[in-house]
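Take a look at the letters that make up each chain.
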Amino acid sequence: MKRIFKKTAVFIIAAVILLTALPFCASAEKNGDYKLIAITFDDGPGAYTEELLDALAERGVKATFFLVGSNAKRYPELLERMVAEGHQIGNHSYNHENLAKLSTAKIQETLANCRKYLAAAGGDDVTYYIRPPYGSVNSTVKAAVDAPLINWSVDPEDWKYRNTDTVVNNIMGAAKDGDIILLHDIYKTSVDAAKIVIDKLQAKGFEFVTVSELLRRRGIEPEAGKVYFYARNNGVNLGPLVEPEPEPEPEPEPDPEEFDESLLEQHPAYPAIQYTRYKGIFSAEGDFLPNKYMDRGLYVTVLGKFARADVSGFTESGFTDVPNDSYCAPYAAWASKTGFMGGYGDGLFGPGDNVTREQLSTIMCRYLETFDLLPKGDIPELTYTDADKISEWAKNGVAVCSYAGLLMGRDDGSFDPQGYATRGQCAIIMERLAKYSDPVGYARDIAIMKGETPIGPEGFEEPEGVSAMPDPSKEGNANISASDGVTTVAGIALTAAVFATDRKKKK
């Protein structure tokens, strides 16, 4: 009984030792049901390579091309296509030299001469596998190369038979999982045979992969100077690489200057746009582009047209960056001579430069001073939340324009001095300037635009039931992105009277 116990104990211990010595079974991922095969083509590119690439693309097959440098030099576009379509390109020497008969220096020279054409198509950071011509390898070759050496396990001798059916039969009779097939795309019969073989092997469940992919999926880390003939399933049979889901393209930032012109009537500045077009301050033709930033060339033109400046005598702009035939040239010359808007110095005006809000305020203030339109009385100090960001040279202009009700702050209490002014905002400012400088004339303009009877210079009686319009200079929350509302001719008339009376008192 003791003997039996001892024998049983020995058996159990031996079994445990045996089991622990065995390797763990590969995971399901490493034992997928994959039948892999690599088809390779030597000596090209050639006259039939493009036809072959078309056939591979139709069948969804990735191949490996071991290219001869002298042919690669002749067909760079085919190499680029191979790379673009996911095929692997490799080095087959420059002139199909037998590497085993060359010195180390000559081996490296012929491979380098071929590699430069591969690099031009596939990038110089790629390690190109090497197929030694004739499969000829010796110790000198192994020591001289810096990449894996790839031979083959299925050779249908297509170069010898030049017969499509023979080549097909030779491959189908030998091909099995993990094989590397040798063909030459410089023969029409080989290209035709490749099409048939691919169709037949795919029907049998084979998946065609590049040589590098075959080695990866069989868990083989290729080594420089080592020769590979095939890659059987020896317990590692990985699936294809799963491409990560591409990151969604970020939504493009909306262009602040873009605006759908068909919706112009819905734009906050539309009433002012209509008025400034009616007055000829802005062109009445073409798109208005209300959100486009105002540049200096257009701004000086708008101010000149508002002032009804006679620019007929200004034939030269006076600025090196404003051609004399530019639309803004006479207005730039006029503004410079008048003194309210000059250039940057060195003969530059900067007609295409966007105008910031503080720049616009400063220019407008100088305009008011030039034409004796400055508001009377003490100008209040700036109370904008970002007043400390207004440039020192611009603070007076901002204060004057704010007090006059021409250019005021944002709804959040800021002024945004370095923000660009838009064409729509400038239309609003110019309408306010019209109301500020000539309230009676402005009221008459609005009446005419509405198709109503113009108000006479003495007709300021307020009709019953109509209240006065607010004074824009006292609207603390007014924003130049929204136009003052004009409701009735009577309201306009009353506003005109208020402004006229107030200005007489200040004088």
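How each quantity is defined
- Residues numbered from 1 in each chain as written.
- Predicted model: local features only at pLDDT ≥ 70, side-chain atom pairs only at ≥ 80, totals over all residues.
- Heavy atoms only, no water.
- Buried < 20%, exposed > 50% of the residue type's maximum accessible area, 1.4 Å probe, protein only.
- Helix = DSSP H or I, 4+ residues; strand = E, 2+ residues; numbered from the N terminus.
- Pairing = 2+ DSSP bridges.
- Phe/Tyr/Trp six-rings, centres within 6.5 Å; stacked < 30°, edge-to-face > 60°.
- Polar contact = N/O pair within 3.5 Å; in protein donor to acceptor, adjacent residues only side chain to side chain.
- Contact = heavy atoms within 4.5 Å.
- Salt bridge = Lys/Arg side-chain N within 4 Å of Asp/Glu carboxyl O.
- pLDDT = per-residue confidence, 0-100.
- Core = buried A, V, L, I, M, F, W, Y, C linked by side-chain atoms within 4.5 Å.
- Patch = residues over 30% accessible without salt bridge, like charges linked within 9 Å, V, L, I, M, F, W, Y side chains within 5 Å.
- Areas by Shrake-Rupley, 256 points an atom, 1.4 Å probe, with all protein chains shown as cover.
- Expected span 1.5 Å × (residues − 1).
- Axes fitted to C-alpha atoms, helices over the stretch in contact; angles between N-to-C directions.
- Parallel < 35°, antiparallel > 145°, perpendicular 65-115°, else oblique.
- Left-handed = near helix turned anticlockwise from the far one by under 90°.

Concerning the pairing of strand β3 (residues 88–91)
Neither face of β3 is left uncovered, since the one carrying Gln88 and Gly90 and the one carrying Ile89 and Asn91 both have all their residues buried. Pairing between strand β2 (residues 64–67) and β3: 4 bridges, direction parallel. Along β3, the bridge assignment pairs Leu67 with Asn91.

So, the packing of aromatic side chains
Tallied over the entire structure, the rule returns 12 aromatic pairs. Between Tyr275 and Tyr442, the ring centres sit 5.1 Å apart and the planes meet at 65°, which makes this aromatic pair edge-to-face. A residue pair is termed long-range when its members are at least 10 positions apart, and Tyr275 in helix α11 (residues 270–278) and Tyr442 in helix α17 (residues 439–450) qualify at 167 residues. Across this residue pair, the class does not change: Tyr275 and Tyr442 are buried. Centre to centre, the rings of Tyr384 and Phe415 are 5.1 Å apart; their planes meet at 40°, and the pair counts as tilted. Residue Tyr384 is found in the loop between α14 (357–370) and α15 (395–404), and its partner Phe415 is found in the loop between α15 and α16 (423–437); the two are separated by 31 residues along the sequence. Each member of the pair, Tyr384 as well as Phe415, is classed as buried. Members of the aromatic cluster, joined through ring pairs, are Phe306, Trp334, Phe340, Tyr367 and Phe371.

Regarding the pairing of strand β5 (residues 180–184)
Across the 5 residues of β5, 5 count as buried, placing the element largely inside the fold. Covered by surrounding structure in β5 are Ile180, Leu182 and His184 together with Ile181 and Leu183, the residues of both alternating faces. Taken together, the 5 bridges between strand β1 (residues 35–42) and β5 define a ladder with parallel strand orientation. Across the sheet, Ala38 pairs through a bridge with Ile180, a residue of β5.

What about the environment of Gly32?
Mapped onto the elements of the fold, Gly32 is located in the loop between α1 (2–21) and β1. A sequence separation of 205 residues divides Gly32 from Asn237, and the C-alpha atoms of the two residues are 5.7 Å apart.

Describing the side chain of Asn151
The topology assignment puts Asn151 in the loop between β4 (149–150) and α7 (158–161). A distance of 3.4 Å separates a polar side-chain atom of Asn151 from the backbone oxygen of Gly135. Excluding anything up to four places from it in sequence, Asn151 contacts Arg131, Pro132, Gly135, Ile180, Val227, Tyr228 and Phe229.

So, the pattern of salt bridges
For the structure shown, the criterion picks out 18 salt bridges. One salt bridge connects Asp42 with Arg131, and the closest N-O pair in it is separated by 2.9 Å. With Asp42 in strand β1 and Arg131 in the loop between α5 (104–122) and α6 (139–144), this pair connects stretches of sequence that are 89 residues apart. The pair Asp42 / Arg131 is uniform in exposure class, with both members buried. A salt bridge links Lys106 to Glu109; the shortest N-O distance between them is 3.6 Å. Here Glu109 and Lys106 lie together in helix α5, a separation of 3 residues that amounts to about one turn. A residue is classified by how much of its surface remains accessible, and Glu109, at 40% relative accessible area, is partly exposed. Connected through salt bridges with shared partners, the residues Glu51, Lys188, Asp192 and Lys195 form a single ionic network.

A few points about the confidence of the model for the protein
Averaged over the protein, the pLDDT score is 85; the fraction of residues at 70 or greater is 83%. The low-confidence segment residues 1–29 (pLDDT under 50) makes 5 contacts with residues lying over four places distant or belonging to another chain. Confidence drops under pLDDT 50 across residues 459–507; counting only partners more than four residues distant or on other chains, this segment forms 86 contacts.

Thoughts on the nonpolar core
Judged by nonpolar contacts, the single largest core of 59 residues is most densely connected at Phe282, Tyr299, Met364 and Leu433. Of all elements in the fold, only α11, α12 (296–306), α13 (329–338), α14, α15, α16 and α17 reach the threshold of two or more residues within this core. Among the elements that line this core, the one with the most residues is α16, at 8 residues. The contacts of Phe282, once residues within four sequence positions are left out, are Thr276, Arg277, Phe288, Met294, Leu298, Val302, Arg423, Cys426 and Ala427. Counting 37 residues, the second-largest nonpolar core is a separate cluster that includes Leu52, Leu79, Met82 and Ile198.

Quick notes on a nonpolar patch on the surface
Side chains of Tyr278, Ile448 and Met449 sit close together on the surface and give an oily, nonpolar patch of about 260 Å² of accessible area. Mapped onto the elements, Met449 comes out in helix α17. By relative accessible area, Met449 is classed as partly exposed at 34%.

Topic: α17
For α17, which comprises 12 residues, the first-to-last C-alpha distance of 17 Å matches the rise-based estimate of 16 Å (1.5 Å per residue) to within 8%. All buried positions along α17 are accounted for by Pro439, Gly441, Tyr442, Ala443, Asp445, Ile446 and Ala447. Phi for Gly451, located one or two positions after α17, is positive at around 80°.

Side note on the packing of α12 against α14
Contact pair α12 / α14: the axes reach a minimum separation of 12 Å and the direction vectors enclose 25°. Considering the angle they form, α12 stands roughly parallel to α14. Remark: the crossing between α12 and α14 carries right-handed chirality. Across the interface between the two elements, Arg296, Tyr299, Leu303 and Phe306 from α12 touch Leu360, Ile363, Met364 and Tyr367 from α14.

A few points about the environment of Glu381
One can find Glu381 in the loop between α14 and α15. Sequence separation between Glu381 and Asn396 is 15 residues, and the spatial gap between their C-alpha atoms is 9.2 Å.

A short note on the packing of α12 against α13
Close contact between α12 and α13 brings their axes to 9 Å; oriented N to C, the two are set at 75°. Taken together, the axis directions place α12 and α13 in an arrangement best described as roughly perpendicular. Only Tyr331, Ala332, Trp334 and Ala335 of α13 make contact with α12, whose side of the interface consists of Val300, Thr301, Leu303, Gly304 and Lys305.

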